[in-house]
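Each chain, written out:
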Amino acid sequence: MENFERYFLHERKIVLDNISYETIKVEGKPQTMTLGCKDTIVAQLMESGVKINFNRAMNFTPEGIFSLSVTFSMMLLFDPTTKNEVDWKSLDIAGEFKKSCPQLLSAMMSRTSLMIAQITAASGQNPLITPAAPVKQEN
(Lines give C-alpha, C1' and ligand atoms only; values in the text may rest on other atoms or scores of the structure.)
Protein backbone atom coordinates (compact mmCIF):
# COMPACT_ATOMS: atom_id res chain seq x y z
CA MET A 1 0.00 0.00 0.00
CA GLU A 2 1.28 3.41 -0.91
CA ASN A 3 1.31 6.12 1.79
CA PHE A 4 -0.51 4.25 4.58
CA GLU A 5 -0.50 7.35 6.80
CA ARG A 6 -2.70 9.35 4.40
CA TYR A 7 -5.74 7.40 5.59
CA PHE A 8 -5.41 8.74 9.13
CA LEU A 9 -5.58 12.09 10.89
CA HIS A 10 -2.27 13.48 12.15
CA GLU A 11 -3.20 13.52 15.86
CA ARG A 12 -1.51 10.56 17.52
CA LYS A 13 -0.81 9.75 21.12
CA ILE A 14 1.15 6.79 22.44
CA VAL A 15 -0.14 5.48 25.77
CA LEU A 16 1.06 2.83 28.17
CA ASP A 17 -1.55 0.09 27.86
CA ASN A 18 -0.30 -2.71 30.14
CA ILE A 19 2.63 -3.92 32.23
CA SER A 20 2.97 -7.38 33.68
CA TYR A 21 6.00 -8.16 35.85
CA GLU A 22 6.37 -11.29 37.90
CA THR A 23 9.43 -12.43 39.83
CA ILE A 24 10.00 -16.15 39.74
CA LYS A 25 11.97 -18.04 42.38
CA VAL A 26 14.49 -20.47 41.02
CA GLU A 27 14.83 -23.50 43.26
CA GLY A 28 17.75 -25.84 43.37
CA LYS A 29 21.15 -25.37 41.80
CA PRO A 30 21.83 -22.33 39.65
CA GLN A 31 21.43 -23.25 36.03
CA THR A 32 22.13 -21.70 32.68
CA MET A 33 19.20 -19.64 31.49
CA THR A 34 18.46 -17.93 28.21
CA LEU A 35 16.53 -14.67 28.09
CA GLY A 36 14.03 -14.52 25.26
CA CYS A 37 12.54 -11.35 23.84
CA LYS A 38 9.48 -11.35 21.57
CA ASP A 39 7.92 -8.28 19.96
CA THR A 40 4.36 -8.37 18.65
CA ILE A 41 2.24 -5.84 16.79
CA VAL A 42 -1.53 -6.27 16.91
CA ALA A 43 -3.91 -4.06 14.95
CA GLN A 44 -7.54 -3.74 16.03
CA LEU A 45 -9.95 -2.32 13.47
CA MET A 46 -12.52 -0.02 15.07
CA GLU A 47 -15.25 2.20 13.67
CA SER A 48 -13.25 5.39 14.24
CA GLY A 49 -9.83 4.05 13.25
CA VAL A 50 -7.20 1.49 14.11
CA LYS A 51 -5.70 0.74 17.50
CA ILE A 52 -2.10 -0.45 17.24
CA ASN A 53 -0.64 -2.40 20.17
CA PHE A 54 3.08 -2.97 20.45
CA ASN A 55 4.06 -5.60 23.03
CA ARG A 56 7.46 -6.80 24.15
CA ALA A 57 7.49 -9.97 26.26
CA MET A 58 10.60 -11.21 28.04
CA ASN A 59 10.95 -14.64 29.62
CA PHE A 60 13.72 -16.95 30.68
CA THR A 61 14.17 -20.53 29.47
CA PRO A 62 13.97 -22.51 31.63
CA GLU A 63 11.54 -20.36 33.59
CA GLY A 64 13.18 -18.22 36.23
CA ILE A 65 14.17 -14.82 37.66
CA PHE A 66 11.29 -12.86 36.08
CA SER A 67 8.63 -12.69 33.39
CA LEU A 68 7.93 -9.25 31.92
CA SER A 69 5.52 -7.87 29.35
CA VAL A 70 5.07 -4.22 28.34
CA THR A 71 2.42 -2.96 25.90
CA PHE A 72 2.10 0.50 24.41
CA SER A 73 -0.86 1.50 22.22
CA MET A 74 -1.58 4.13 19.63
CA MET A 75 -4.94 5.07 18.14
CA LEU A 76 -4.88 6.06 14.48
CA LEU A 77 -8.11 7.92 13.69
CA PHE A 78 -9.45 7.59 10.15
CA ASP A 79 -9.38 10.61 7.88
CA PRO A 80 -13.02 10.78 6.72
CA THR A 81 -11.96 11.96 3.25
CA THR A 82 -9.82 8.85 2.53
CA LYS A 83 -11.20 6.13 4.85
CA ASN A 84 -13.45 4.46 2.26
CA GLU A 85 -10.68 4.05 -0.34
CA VAL A 86 -9.50 0.87 1.39
CA ASP A 87 -11.14 -2.44 2.33
CA TRP A 88 -9.86 -2.38 5.90
CA LYS A 89 -11.23 -5.83 6.79
CA SER A 90 -9.08 -7.59 4.17
CA LEU A 91 -5.90 -5.55 4.73
CA ASP A 92 -2.94 -6.73 6.84
CA ILE A 93 -3.08 -3.56 8.94
CA ALA A 94 -0.27 -4.56 11.33
CA GLY A 95 1.98 -5.37 8.36
CA GLU A 96 1.21 -2.07 6.64
CA PHE A 97 1.85 -0.17 9.87
CA LYS A 98 5.21 -1.90 10.33
CA LYS A 99 6.24 -1.29 6.72
CA SER A 100 4.91 2.26 6.30
CA CYS A 101 5.25 3.87 9.72
CA PRO A 102 8.81 3.16 10.94
CA GLN A 103 8.99 6.41 12.93
CA LEU A 104 5.79 5.59 14.86
CA LEU A 105 6.92 2.00 15.47
CA SER A 106 10.32 3.27 16.61
CA ALA A 107 8.66 5.65 19.09
CA MET A 108 6.65 2.77 20.57
CA MET A 109 9.71 0.51 20.74
CA SER A 110 11.81 3.21 22.42
CA ARG A 111 9.21 3.77 25.12
CA THR A 112 8.98 0.02 25.68
CA SER A 113 12.76 -0.33 26.02
CA LEU A 114 12.90 2.56 28.48
CA MET A 115 10.08 1.08 30.59
CA ILE A 116 11.80 -2.33 30.68
CA ALA A 117 15.06 -0.69 31.78
CA GLN A 118 13.23 1.18 34.56
CA ILE A 119 11.35 -1.90 35.77
CA THR A 120 14.44 -4.12 35.86
CA ALA A 121 16.49 -1.42 37.60
CA ALA A 122 13.72 -0.80 40.17
CA SER A 123 13.67 -4.49 41.09
CA GLY A 124 17.34 -4.42 42.12
CA GLN A 125 18.93 -5.66 38.92
CA ASN A 126 21.05 -3.82 36.42
CA PRO A 127 18.78 -2.04 33.94
CA LEU A 128 18.06 -4.35 31.05
CA ILE A 129 18.38 -2.43 27.79
CA THR A 130 16.49 -4.26 25.07
CA PRO A 131 17.43 -3.72 21.44
CA ALA A 132 14.93 -3.79 18.61
CA ALA A 133 13.88 -7.35 17.88
CA PRO A 134 12.15 -8.94 14.90
CA VAL A 135 8.46 -8.15 15.04
CA LYS A 136 5.70 -10.74 14.70
CA GLN A 137 2.58 -9.28 13.10
CA GLU A 138 -0.99 -10.15 14.03
CA ASN A 139 -4.33 -8.67 13.01
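Residues numbered from 1 in each chain as written. Predicted model: local features only at pLDDT ≥ 70, side-chain atom pairs only at ≥ 80, totals over all residues. Heavy atoms only, no water.

Undergrad: With reference to specific residues and values, describe the overall build of the protein chain.
TA: For the protein chain, the helix and strand inventory stands at 2 helices and 5 strands. Its helices and strands taken in sequence order, the protein chain reads β-β-β-β-α-α-β from the N to the C terminus. Along the first, second and third principal axes, the C-alpha set of the protein chain runs to 60 × 25 × 20 Å. Sorting the 139 residues of the protein chain into buried and exposed places 39% on the buried side. (Helix = DSSP H or I, 4+ residues; strand = E, 2+ residues; numbered from the N terminus. Buried < 20%, exposed > 50% of the residue type's maximum accessible area, 1.4 Å probe, protein only.)

Undergrad: Give me the pairing of strand E4 (residues 65-77): which residues, what numbers.
TA: Judged from the 10 bridges that link them, strand E1 (residues 14-24) and E4 form a sheet pairing that is antiparallel. Counterpart to Ile-24 in the pairing with E4 is Ile-65. (Pairing = 2+ DSSP bridges.)

Undergrad: Kindly report on the side chain of Arg-56, identifying the contributing residues and their values.
TA: For Arg-56, the location among the structural elements is in strand E3 (residues 49-61). The exposure class assigned to Arg-56 is buried, which follows from its relative accessible area of 0%. Engagement of the side chain of Arg-56 in a polar contact is seen with the side chain of Asp-39, the distance being 2.6 Å. Among the polar contacts made by the side chain of Arg-56, one reaches the side chain of Ser-113 at a distance of 2.8 Å. (Polar contact = N/O pair within 3.5 Å; in protein donor to acceptor, adjacent residues only side chain to side chain.)

Undergrad: Can you explain the pairing of strand E2 (residues 34-45)? Please cite residues and give values.
TA: Direction of pairing for E2 relative to E3: antiparallel, over a ladder of 12 bridges. Within E3, the position partnered with Leu-35 by the bridge is Phe-60. Between E2 and E3, which follow one another and run antiparallel, lie 3 residues.

Undergrad: Please give an account of the nonpolar core that cites residues and values.
TA: One finds Phe-4, Ile-52, Trp-88 and Phe-97 to be the most contacted residues of the largest nonpolar core, which totals 31 residues. Among the elements of the structure, E2, E3, E4, helix H1 (93-100) and helix H2 (102-122) are those that each provide at least two residues to this core. Beyond its immediate chain neighbours, meaning those up to four positions away, Phe-4 contacts Leu-76, Trp-88, Leu-91, Ile-93, Glu-96, Phe-97, Ser-100 and Cys-101. (Core = buried A, V, L, I, M, F, W, Y, C linked by side-chain atoms within 4.5 Å. Contact = heavy atoms within 4.5 Å.)

Undergrad: Quick one: what's the story with the pattern of salt bridges, residue by residue and with numbers?
TA: Per the counting criterion, the structure on display carries 6 salt bridges. As a salt-bridge pair, Arg-12 and Glu-5 come within 2.9 Å of each other at their nearest N and O atoms. Look at Arg-12 and you get partly exposed, because its relative accessible area is 23%. Classification of Glu-5 as buried rests on a relative accessible area of 19%. (Salt bridge = Lys/Arg side-chain N within 4 Å of Asp/Glu carboxyl O.)

Undergrad: Report on unusual backbone geometry, specifying residues and quantitative values.
TA: Between Thr-61 and the following residue, Pro-62, the backbone shows a cis peptide bond with an omega angle of -10 degrees. On the secondary structure map, Pro-62 appears in the loop between E3 and E4. If you check the backbone angles, Ile-65 has positive phi at about 65 degrees while not being a glycine. Take Ile-65: it is sitting in strand E4.

Undergrad: Account for the environment of Thr-120, with residues named and values stated.
TA: Within the element layout of this structure, Thr-120 appears in helix H2. Residue Thr-120 is classed as buried on the basis of its relative accessible area, which comes to 0%. Through-space distance from the C-alpha of Thr-120 to that of Val-15 is 20 Å; in sequence the pair is 105 residues apart. With residues near it in sequence (within four places) discarded, Thr-120 still touches Phe-66, Leu-68, Gln-125, Asn-126, Pro-127 and Leu-128. A distance of 3.2 Å separates a polar side-chain atom of Thr-120 from the backbone oxygen of Ala-117. Looking at Thr-120, its side chain comes within polar contact range of the main-chain nitrogen of Leu-128, at 2.8 Å.

Keep in mind that these numbers describe shape and distance, not what the molecule does.
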